[in-house]
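Okay, here's what each chain looks like letter by letter:
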Amino acid sequence: MRGCGIHLKGTNVIIEIVEADKKPEIIDENEYCNIITKSDGVITKINVQNGTALVKVGDVVKNGNIIVGGWLEGKYTGTRYVHAKADVQARVWHSKKEKMSLIQEVEEETGNVKNSYGININNFKINFPKSIPNFENYDTINENKKLKIFSNFYFPIEICKTTYKEIQKKSVNYSPEAAKEILLKKLEEELKNEIKDEQNIVNTRVNYKEEEGSITVELIYEVLENIGTNEKIVF
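So, here's what we can say about the structure. Remember, predicted model here, so these are calculated numbers, not experimental data.

## Focus on the overall build of the protein
Part 1: In terms of helices and strands, the protein carries 1 helix and 17 strands.
Part 2: The buried share among the 235 residues of the protein stands at 25%.
Part 3: Long-range contacts, defined here as pairs at least 24 residues apart, represent 65% of the contacts in the protein between residues at least 6 apart.

## Topic: the pattern of salt bridges
Side-chain pairing between opposite charges can occur once the charged atoms of the two side chains come close.
Part 1: Tallied over the entire structure, the rule returns 13 salt bridges.
Part 2: Where Lys85 meets Glu29, a salt bridge forms, and the shortest distance between an N and an O atom there is 3.1 Å. Taken together, the residues Lys85 in strand β10 (residues 85-101) and Glu29 in the loop between β2 (12-19) and β3 (33-37) connect sequence positions 56 residues apart.
Part 3: With a relative accessible area of 36%, Lys85 lands in the partly exposed category.
Part 4: With a relative accessible area of 49%, Glu29 lands in the partly exposed category.
Part 5: Put simply, Glu31 and Lys232 hold a salt bridge, and the shortest N to O gap is 3.4 Å. Of this pair, Glu31 sits in the loop between β2 and β3 while Lys232 sits in strand β17 (residues 228-232), and the two are 201 residues apart along the sequence.

## Considerations on the sheet that holds strand β4 (residues 41-50)
In a beta sheet, neighbouring strands pair by backbone hydrogen bonds and run either parallel or antiparallel.
Part 1: Pairing within the open sheet is antiparallel, and its 5 strands lie in the order β6-β4-β10-β16-β15. Among the strands making up the open sheet, the edge pair consists of β6 (60-61) and β15 (201-211).
Part 2: On top of the sheet, helix α1 (residues 176-194) reaches β10, β15 and β16 (214-226); it is set at about 150° to β10, its chief contact.

## What about the packing of aromatic side chains?
Part 1: Enumeration over the complete set of coordinates arrives at 4 aromatic pairs.
Part 2: Between Tyr32 and Phe235, the ring centres sit 6.1 Å apart and the planes meet at 85°, which makes this aromatic pair edge-to-face. Of the two residues, Tyr32 is situated in the loop between β2 and β3 and Phe235 in the segment after β17; the sequence distance between them amounts to 203 residues.
Part 3: You can call Phe235 exposed: its relative accessible area is 66%.
Part 4: Plain terms: the ring middles of Tyr81 and Phe235 are 4.9 Å apart, the flat faces sit at 85° to each other, and that makes the pair edge-to-face. In this pair, Tyr81 sits in strand β9 (residues 78-81) while Phe235 sits in the segment after β17, placing the two residues 154 residues apart along the sequence.
Part 5: By way of ring pairs, the aromatic residues Tyr32, Tyr81 and Phe235 are connected into one cluster.
Part 6: Positioned above the aromatic ring of Phe135 is the side chain of Lys114, whose terminal nitrogen or guanidinium carbon lies 6.0 Å from the ring centre.

## A look at the pairing of β10
Part 1: Pairing of β4 with β10 involves 7 bridges; the strand directions are antiparallel. Considered in β10, the bridge of Ile43 is made with Ala90.
Part 2: Two elements, β10 and β16, share 13 bridges in a ladder whose sense is antiparallel. What sits directly across from Lys96, in β16, is Leu219.

## Remarks on the pairing of strand β8 (residues 71-74)
Part 1: Two elements, β8 and β9, share 4 bridges in a ladder whose sense is antiparallel. In the strand pairing of β9, Gly74 is matched with Gly78.
Part 2: Hairpin connection of β8 to β9: 3 residues between the antiparallel strands.

## Examining the nonpolar core
Part 1: Of all hydrophobic cores here, the largest spans 25 residues; its most connected members are Ile43, Ile67, Tyr221 and Ile227.
Part 2: Contributions of two or more residues to this core are made by β7 (66-69), β10, α1 and β16.
Part 3: With sequence-adjacent residues up to four places away left out, Ile227 is seen in contact with Ile36, Thr37, Lys38, Ser39, Asp40, Gly41, Ile43, Val61, Ile67, Val88, Ala90 and Val92.

Quick notes on the rules
Residues numbered from 1 in each chain as written. Predicted model: local features only at pLDDT ≥ 70, side-chain atom pairs only at ≥ 80, totals over all residues. Heavy atoms only, no water. Helix = DSSP H or I, 4+ residues; strand = E, 2+ residues; numbered from the N terminus. Buried < 20%, exposed > 50% of the residue type's maximum accessible area, 1.4 Å probe, protein only. Contact = heavy atoms within 4.5 Å. Salt bridge = Lys/Arg side-chain N within 4 Å of Asp/Glu carboxyl O. Pairing = 2+ DSSP bridges. Axes fitted to C-alpha atoms, helices over the stretch in contact; angles between N-to-C directions. Phe/Tyr/Trp six-rings, centres within 6.5 Å; stacked < 30°, edge-to-face > 60°. Lys NZ or Arg CZ within 6 Å of the ring centre and 35° of its normal. Core = buried A, V, L, I, M, F, W, Y, C linked by side-chain atoms within 4.5 Å.

Spelled out as structure tokens, the structure:
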């Protein structure tokens, strides 16, 4: 399943498609299932209500490992399959890394603005005489406003206004310290959006790598999470 984000940047519309989190399969209580890991980690707690524990505290597990089997072994009953239930907690690691050039080209408004106007009557547009701005780079903002005579009665006429704002590009030199701060703040926001509960962050590690003209920052959070999810037993 995918999600879609739309961002406005200058005169461009950027559409970003990202993979959404896959919803876990809901398995009926009467169906047999194991509990598997949904990420890599180190087990810190395991409390089994039904099923057979296959790991213990301190074990390192990989994504997809079976940690609680959906069966019970009895001396007289043999193997009996069940719907495994357990509370399994682990230390997992979330990380983000990004590289930034110390010389960045940025855009800023100069304050020079030009406006042009038109009228839209029943989707037929009439443009007033206008001149294209002689700006080398500019942002375009379109505004449409309907005419009305009462609070809820509108004419089928719109006044169309186009605003051109001049922008200029310039190079900005960042110090390694300033670049580190910018990247670290960005990575913190991204990771905290990924982690459901910030209170479960138990450790933070930051790695820096400076190269000629650039810097790379890696942020790693160690988090306590419930690591188990149900998986149906297929015979």
